[in-house]
Amino acid sequence: MSLLSAIFLLPLLAALLVLCIPRNYKFVIRLVALGATLASMVLALTLFAKFNAAPVENGFKFVEKHAWVSVSTLKLDIGWHLGVDGINLGLIVMGAIVAFAAACVSREIKRLEKEYYTLLLVMTGGILGAFASLNLFFFYFFHELALVPTFIMIGVWGHGENRNYATFKITIYLSLGALIALAGLIALYIQSGANTFDIVELTKAVKARPLPLAAQSLIFPLLLFGFGILVSLWPFHTWAPLGYGAAPTATAMLHAGVLKKFGLYGLLRVGIPLMPDGASAWLEILAFLCLGNIVYCGLVAMRQKDLNLLIGNSSVAHMGFIFLGIASLSLVGVTGAVVVMVAHGFLAALTFGLSGALREKTGTLEMEKFGGLLRQIPFLGAALVMAMLAGCGLPGFANFVGEAMVLFGSWRAFPLVTTLAAWGALIIGAVYMLRAVRNILHGPEKSEWAALKDASAWAKVPFVLLLAALLLLGVWPRLLTDKIQPSVAAILTMANAKTADKAPRPGDVKKAVDEAKQRAVQPR
Amino acid sequence: MNASLIVLELAVVVLGLVVLVQDWFTPAKDRRTLGYGAVLGVAVVLLYSFFAFDGTETLYAFGNAYVLDGLALWFKRFFLLAALLVLIMATEFSDSFESGQSEFFALTLFALAGMMFAASANDFMLLFVSLELITVTFYVLVSFLRRRVESLEAGVKYLILGALSSGFLVYGIALIFGSAGTMNFNELADKLANNAGLAHKQLLMAGVLLVLVGLGFKMAAVPFQIWAPDVYQGSPTPTTAFLSVGSKAAGVVLLMRLLGTAIPDLAFNLEKLLMAMAAGTILYGSLCAIPQRNLKRLLGYSSIASAGYLLLGFAVMNRAGSSAILYYLAGYLFTVLAAFTVIAVVVKEAGAEDISALGGLAQRSPLLATTLTLAMVSLAGIPPLAGFFGKFLLLKAVIAEGVRWHAYYWLFAVAVVGVLISLYYYFNVVKAIYWSKGATDMTPIPVSVPTRLALAVCIAGMLWLGINPDGALELAVEAVKSLKLA
């Protein structure tokens with residue numbers, strides 16, 4: 001087992017191990033889950049530390065390749081191919097950290113623990129496996145593997161009265177999205193003429209002989225909308241707030257934080273570079289759909305009375321920035337989009353984790369019932385304030401870096417959309433985030449919450465971890481951007497093969513990061 | 001004449017006769033041992049099939065009416081394995097027959113012999129005889145619980161519709177013989193290839209369509225599916241399991257022979273028809289399964305939907321499609337038999353076939369709960385189980401044809417709709433297992449050792465075909481080599 005495969009095979013093996021433990025040994029089961037996710041996190045951080053900028057062939061490091069299914073008469077060749085470049089490196093590390101945090105907050109689960117931890121570990125392994133795979137078959141395979149536990153976890157351990165409805169809605173929406181994307185991926189396999197699911201091979205084949213225009217204009221929309229549904233692209237987003245509202249905390253953290261990035265990653269890894277002409281027809285439309293996410297879902301979030309629904313809608317709104325960054329096809333914008341993917345993963349996990357902790361303590365998430373909680377729960381309260389401020393893009397947090405880069409990058413391509421998005425994000429985001437802070441934490445204390453206790457030392461671990469990650473990347477974004485940039489540049493040279501006038505200028509990223517840092521230290 | 005080729009079938013028939021004879025010497029309380037004896041016998045035949053034949057060359061017997069090639073051998077082993085698992089289930093289930101336990105085992109073995117002959121049919125005569133052997137034994141097996149009205153009702157329905165479809169089949173064979181002058185598949189193919197006029201004969205096409213009716217009935221494909229839900233619900237559970245796996249696969253192998261050996265030059269004329277049948281079958285099965293509360297009826301509709309997915313492979317008419325059919329069937333065998341074995345145990349325990357009987361199963365028997373969950377997940381086509389890779393291969397074959405003709409993209413879209421709907425009803429079953437309220441009976445369900453073994457085989461099969469498909473797919477590709485396909 002190589003370092004990279006160990007990161008996601010460990011949780012999967014641990015899931016098998018949990019299946020073999022008698023269900024009364026709850027502590028052991030939890031310990032196995034915590035140990036596996038912790039080990040996987042440590043390995044992911046090691047991977048991050050070992051990843052250097054030295055250029056390699058095809059751009060992927062830590063490559064691992066085996067034959068899996070190879071039937072020449074059917075022209076079927078599916079291989080096990082793993083590797084990381086700057087883009088999925090950040091996602092894997094983020095996913096592993098969030099998975100550990102999710103295992104930490106799973107203490108709220110009080111029944112059927114064995115099944116729960118098995119599913120949690122399968123989900124973790126699936127997510128990380130999907131990001132590590134360089135073969136589209138396994139890319140899809142691992143995503144499905146992670147998706148199904150999501151549905152079951154929402155159904156069994158979910159909250160609220162309409163969790164059955166939410167379960168079926170999220171199941172049907174996400175399966176539809178996945179199957180549409182699968183159609184696109186299979187069509188890509190066939191139309192490319194390369195008869196391979198291997199991303200590296202496909203890239204080579206497309207470089208040598210671009211896909212015919214007809215094929216591109218068929219496959220790209222399949223991928224865009226298939227992946228779009230998975231990422232809650234407006235107007236296919238309605239499953240997200242509902243599903244996250246009903247989901248158990250850890251599931252919401254893992255799905256909103258990590259699994260949802262699968263669609264964006266797929267679009268960036270497969271859709272944009274392999275089908276530049278198909279993409280150019282759709283990216284402008286995509287940019288306008290982003291406004292639906294950023295502005296419309298922001299407005300919807302403003303009206304929410306339930307904290308989880310608010311976070312769910314705001315998480316949908318943040319997806320708009322990533323789409324906008326990808327649509328810009330500029331080095332700064334796409335690099336920013338990748339930074340937002342990572343940053344939002346931490347942020348979504350943090351906010352859902354905090355709201356889960358709040359629900360566990362109070363039994364409700366209706367914001368009007370709260371008030372003045374900051375005095376009773378100073379740690380959770382302070383963490384919530386920080387999360388909310390990160391959510392509305394306060395400098396110092398990683399989200400600011402990414403969103404600022406996206407806005408810089410998209411300015412040249414879509415000035416109108418960028419203007420509206422900036423307004424939408426700053427004003428609308430600030431309104432609902434700050435209003436939530438005021439309703440929950442400030443104001444007069446209510447007598448029913450007088451006995452509320454703050455999180456215990458152990459319970460603080462996941463939140464400290466996630467906040468630390470957000471702050472670290474916020475003040476030192478080069479840690480990530482230096483690794484992302486070469487990989488994004490490689491993708492953009494392919495994507496801009498037809499539209500040479502938009503070619504990125506060298507130094508764009510560094511300039512933007514410097515600007516971002518300058519703004520980070522200046523008061524607004 | 002090479003009679004030694006039918007040694008496997010002969011062994012199964014003899015085994016059935018031995019069970020019947022031995023019944024005279026066995027006291028009523030020991031009848032179970034006969035069932036285990038039959039299981040053991042089938043296992044021996046299955047093992048022997050690996051030593052006796054390797055399927056690399058095509059052998060003929062009985063004036064070319066009987067063929068033994070890779071495809072035949074693949075399906076024979078398939079049927080033997082299915083019968084093995086069904087017999088284990090039947091032995092467990094035999095307590096609920098008031099009499100005739102040994103006859104149940106013997107009839108299952110005779111049906112198995114019919115299926116094995118069907119796998120080797122290279123002549124319309126053998127096709128008809130083997131199908132009749134299967135159908136007639138199933139008339140009895142379906143109505144075996146003769147004090148239960150549902151069982152009798154199922155038997156009568158199966159009898160009437162089965163006889164009707166046999167009538168169509170015979171009529172179709174007569175028309176084909178009348179226009180082509182031969183019953184043999186190879187000769188028919190030669191005549192079609194050498195005589196362009198024959199291929200355009202309306203009478204021949206009408207005959208082929210009527211044969212398709214007979215085979216569609218076996219597979220429970222729309223519009224010949226009407227019998228399936230009632231018969232599945234009313235039959236004893238082992239019969240239902242054997243119907244849904246064995247009988248369906250017999251229809252599949254015969255259709256494969258018909259299209260791939262007998263009328264390869266005409267097969268493309270059936271493309272649109274098969275596409276329409278596939279789409280209709282998937283939608284009918286999936287949509288009708290939504291409101292079902294009876295487990296066996298639900299699986300009846302799900303088996304109709306599965307027939308639709310198998311027809312996708314026939315609609316594309318190439319090697320990729322046919323090997324995908326075989327792969328899907330292999331996964332289907334383990335999945336469906338796992339589901340029916342669990343249902344047989346649960347129904348015996350609870351006395352009801354409603355989905356709510358599964359309530360609390362997770363606490364009552366984790367093994368049964370896990371197995372049924374895996375079966376449902378596999379049927380729904382979710383990795384890493386067999387159903388996923390099978391559906392993936394079928395859908396990939398469909399999309400590959402889309403380059404030639406865009407209508408295949410619509411066929412894919414229909415299949416996707418079917419998969420989505422199926423998620424709903426399969427997850428309803430999973431839901432009933434894990435989070436239904438109101439389960440009152442929480443006593444553990446005992447599971448006997450043979451049943452445990454059968455379940456272990458099914459789980460291993462589902463996982464193996466899902467995680468390591470290479471070898472099994474290679475076998476499937478080898479098996480369809482003898483067909484004349486693109």
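Starting afresh in each chain, residues are numbered from 1 along the sequence in its written order. By the order in which they are written, chains take letters starting at A while ligands take numbers starting at 1. Per-residue local features of the predicted model are confined to residues with pLDDT of at least 70, and side-chain atom pairs are confined, for both listing and counting, to 80 or more; whole-chain, interface and lining totals are unaffected and use all residues.

### A few points about the overall build of chain B
Then, in step 1: Within chain B, the regular secondary structure consists of 20 helices and two strands.
Then, in step 2: Atoms counted for the radius of gyration: C-alpha only. Globule rule: 2.2 Å times the number of residues to the power 0.38. In terms of overall size, chain B behaves like a compact globule, its C-alpha atoms giving a radius of gyration of 21 Å where 486 residues would be expected to give roughly 23 Å.
Then, in step 3: With the C-alpha coordinates of chain B rotated into their principal frame, the extents come out at 70 × 55 × 40 Å.
Then, in step 4: Residues counted as buried form 61% of the 486 residues belonging to chain B.
Then, in step 5: Residue pairs are scored as contacts if the distance between their C-beta atoms, which are placed from the backbone, is within 7 Å. Long-range contacts, defined as pairs at least 24 residues apart, comprise 80% of the intrachain contacts of chain B with a sequence gap of at least 6. Secondary structure follows DSSP: runs of H or I at least 4 residues long count as helices, runs of E at least 2 residues long count as strands, and numbering of each begins at the N terminus. Residue burial is a threshold on neighbouring C-beta atoms within 10 Å of the residue's own C-beta, all placed from the backbone, with 20 or more meaning buried, 12 or fewer meaning exposed, and counts in between meaning partly exposed.

### Considerations on the overall build of chain A
Then, in step 1: If you tally the helices and strands in chain A, you get 21 helices and two strands.
Then, in step 2: Relative to the 2.2 N^0.38 estimate, which gives 24 Å for 524 residues, the radius of gyration of chain A is 22 Å and therefore close to what a compact globule would have.
Then, in step 3: Projected onto the principal axes, the alpha-carbon positions of chain A cover approximately 70 × 55 × 40 Å.
Then, in step 4: Buried residues in chain A amount to 61% of all 524 residues.
Then, in step 5: At a minimum sequence separation of 6, the contacts of chain A that also span at least 24 residues come to 82%.

### Remarks on the interface of chain B and chain A
Then, in step 1: Between chain B and chain A, the residue contacts involve 28 residues of the former and 25 residues of the latter.
Then, in step 2: Where the side of chain B that touches chain A is concerned, the elements lending two or more residues are helix H14 (319-350), helix H17 (386-402), helix H18 (407-435) and helix H20 (470-479) of chain B.
Then, in step 3: Tallied by class, residues from the side of chain B that touches chain A come to 22 nonpolar, one polar and five charged. We call Asp, Glu, Lys and Arg charged. Ala, Val, Leu, Ile, Met, Phe, Trp, Tyr, Cys and Pro are nonpolar, and the rest, Gly among them, are polar.

### Digging into the pairing of strand E2 (residues 76-84) of chain A
Residue and element names in this part refer to chain A.
Then, in step 1: Of all the nine residues making up E2, seven are buried; the element is thus mostly covered by neighbouring parts of the structure.
Then, in step 2: At least two bridges found by DSSP between two strands is the condition for calling them paired. Bridge count for strand E1 (residues 61-71) against E2 is eight bridges, and the pairing is antiparallel. Along E2, the bridge assignment pairs Val69 with Ile78.
Then, in step 3: Hairpin connection between E1 and E2: a loop of four residues separates the two successive antiparallel strands, and Lys75 in this loop has a positive phi of roughly 55°.

### Thoughts on the packing of helix H9 (residues 239-246) of chain A against helix H13 (residues 307-328) of chain A
If you want to describe how two helices pack, look at the angle between their axes and the distance between the axes.
All names here are of chain A.
Then, in step 1: Packing of H9 against H13 brings their axes to within 8 Å, and their N-to-C directions diverge by 140°. What the angle tells us is that H9 and H13 run oblique. Considering the relative orientation of H9 and H13, their crossing is right-handed. Between H9, through Ala240, Pro241, Tyr244 and Gly245, and H13, the contact on the second element is made entirely by Asn308, Leu309, Gly312, Asn313, Ser315 and Val316. To get an axis, fit a line to the C-alpha atoms, keeping to the stretch in contact for a helix; angles then go from 0 to 180 degrees between the N-to-C directions. Roughly parallel covers angles under 35 degrees, roughly antiparallel covers those over 145, roughly perpendicular covers 65 to 115, and oblique covers all other angles. Here a crossing is taken to be left-handed if its near helix is turned anticlockwise relative to the far helix by less than a right angle, and right-handed if that turn runs clockwise.

### Some details on the nonpolar core
Then, in step 1: We define a nonpolar core as a collection of buried residues of the types Ala, Val, Leu, Ile, Met, Phe, Trp, Tyr and Cys that are connected via C-beta atoms lying within 7 Å of each other. In this structure, A:Ile92 and B:Leu337 are the most contacted members of the largest nonpolar core, which totals 417 residues.
Then, in step 2: At 22 residues, H14(B) tops the list of elements feeding residues into this core.
Then, in step 3: Looking at this core, you find at least three residues from each of domain 1 (1-270) and domain 2 (275-524) of chain A.
Then, in step 4: Apart from the residues lying within four places of it in its own chain, the contact partners of A:Ile92 are A:Ile7, A:Ala44, A:Leu47, A:Val84, A:Leu128, A:Phe131 and A:Ala132. Those domain boundaries reflect an automatic or database domain assignment.

### With respect to the environment of B:Leu145
Residue and element names in this part refer to chain B.
Then, in step 1: Relative to the helices and strands, Leu145 resides in the loop between helix H5 (124-142) and helix H6 (149-180).
Then, in step 2: Overall, Leu145 belongs to the partly exposed group, with 19 C-beta atoms counted inside 10 Å.
Then, in step 3: Sequence separation between Leu145 and Glu98 is 47 residues, and the spatial gap between their C-alpha atoms is 8.1 Å.

### Considerations on helix H4 (residues 101-119) of chain B
Then, in step 1: Taking 1.5 Å of rise per residue, 19 residues should cover 27 Å, and H4(B) covers 27 Å from first to last C-alpha, within 8% of that figure.
Then, in step 2: Within H4(B), 18 of the 19 residues are buried, leaving the element largely enclosed by the surrounding structure. In this scheme, a helix's expected span is set at 1.5 Å multiplied by one less than its residue total.

### Remarks on the confidence of the model for chain B
Residue and element names in this part refer to chain B.
Then, in step 1: Scored by pLDDT, chain B comes out at a mean of 90, with 99% of its residues at no less than 70.
Then, in step 2: Confidence scores here are pLDDT values: one per residue, from the predictor, ranging 0 to 100. Across chain B, the element-wise mean pLDDT spans from 80 in helix H8 (residues 196-199) up to 94 in helix H12 (residues 271-289).
Then, in step 3: Interface confidence for the predicted complex, expressed as ipTM, amounts to 0.85; the pTM equals 0.89.

### Overview of the confidence of the model for chain A
Then, in step 1: With 95% of its residues at a pLDDT of at least 70, chain A reaches an overall mean of 85.
Then, in step 2: Ignoring residues within four places in sequence, the model shows residues 499-507 of chain A, a span with pLDDT below 50, making nine contacts including any to other chains.

### A word on the packing of helix H7 (residues 185-194) of chain B against helix H11 (residues 237-262) of chain B
Residues and elements named next belong to chain B.
Then, in step 1: For the pair H7 and H11, interaxial distance at closest approach is 8 Å and the crossing angle is 40°. Here H11 runs oblique to H7, going by the angle between their axes. Only Arg257, Thr261 and Ala262 of H11 make contact with H7, whose side of the interface consists of Phe185, Asn186, Leu188 and Ala189.
Then, in step 2: Considering only residue class, the contact of H7 with H11 consists of four nonpolar, two polar and one charged.

### Re the domain arrangement of chain A
Residues and elements named next belong to chain A.
Then, in step 1: As far as domains go, chain A holds domain 1 (1-270) and domain 2 (275-524).
Then, in step 2: Between domain 1 and domain 2, the C-alpha centre-to-centre distance is 21 Å.
Then, in step 3: At the junction of the two partners, domain 1 supplies 45 residues and domain 2 supplies 50 residues.
Then, in step 4: Counting only elements with at least two residues in the side of domain 1 that touches domain 2, the list comes to helix H3 (86-105), helix H8 (213-230), H9, helix H10 (249-259) and helix H11 (261-274).
Then, in step 5: Broken down by element, the residue count for the side of domain 1 that touches domain 2 peaks at twelve residues, all from H3.
Then, in step 6: Looking at side-chain class alone, the side of domain 1 that touches domain 2 contains 32 nonpolar, ten polar and three charged residues.

### Some thoughts on unusual backbone geometry
Glycine aside, a negative phi is what most residues show, and trans is what most peptide bonds show.
Then, in step 1: With omega at 5°, the peptide bond leading from B:Val222 into B:Pro223 counts as cis.
Then, in step 2: Note that the residue after B:Pro383, namely B:Pro384, is joined by a cis bond; omega there is 5°.
Then, in step 3: Inspection of the secondary structure assignment puts B:Pro384 in the loop between helix H16 (366-379) and H17.
Then, in step 4: If you check the backbone angles, A:Phe62 has positive phi at about 55° while not being a glycine.

### Remarks on helix H5 (residues 136-157) of chain A
Then, in step 1: The terminal C-alpha atoms of H5(A), which comprises 22 residues, lie 32 Å apart, in line with the 32 Å expected from a rise of 1.5 Å per residue.
Then, in step 2: Within H5(A), 22 of the 22 residues are buried, which leaves it mostly tucked inside the rest of the structure.

### Quick notes on the environment of B:Phe177
Then, in step 1: Residue placement: B:Phe177 occurs in helix H6.
Then, in step 2: Distance in space between the C-alpha atoms of B:Phe177 and B:Tyr284 is 34 Å, their sequence separation being 107 residues.

### Overview of the environment of A:Leu350
Residues and elements named next belong to chain A.
Then, in step 1: Inspection of the secondary structure assignment puts Leu350 in helix H14 (residues 331-362).
Then, in step 2: Residue classification places Leu350 among the buried residues on the basis of 29 C-beta atoms within 10 Å.
Then, in step 3: Separated by 37 residues in the primary sequence, Leu350 and Ala387 place their C-alpha atoms 6.9 Å from one another.

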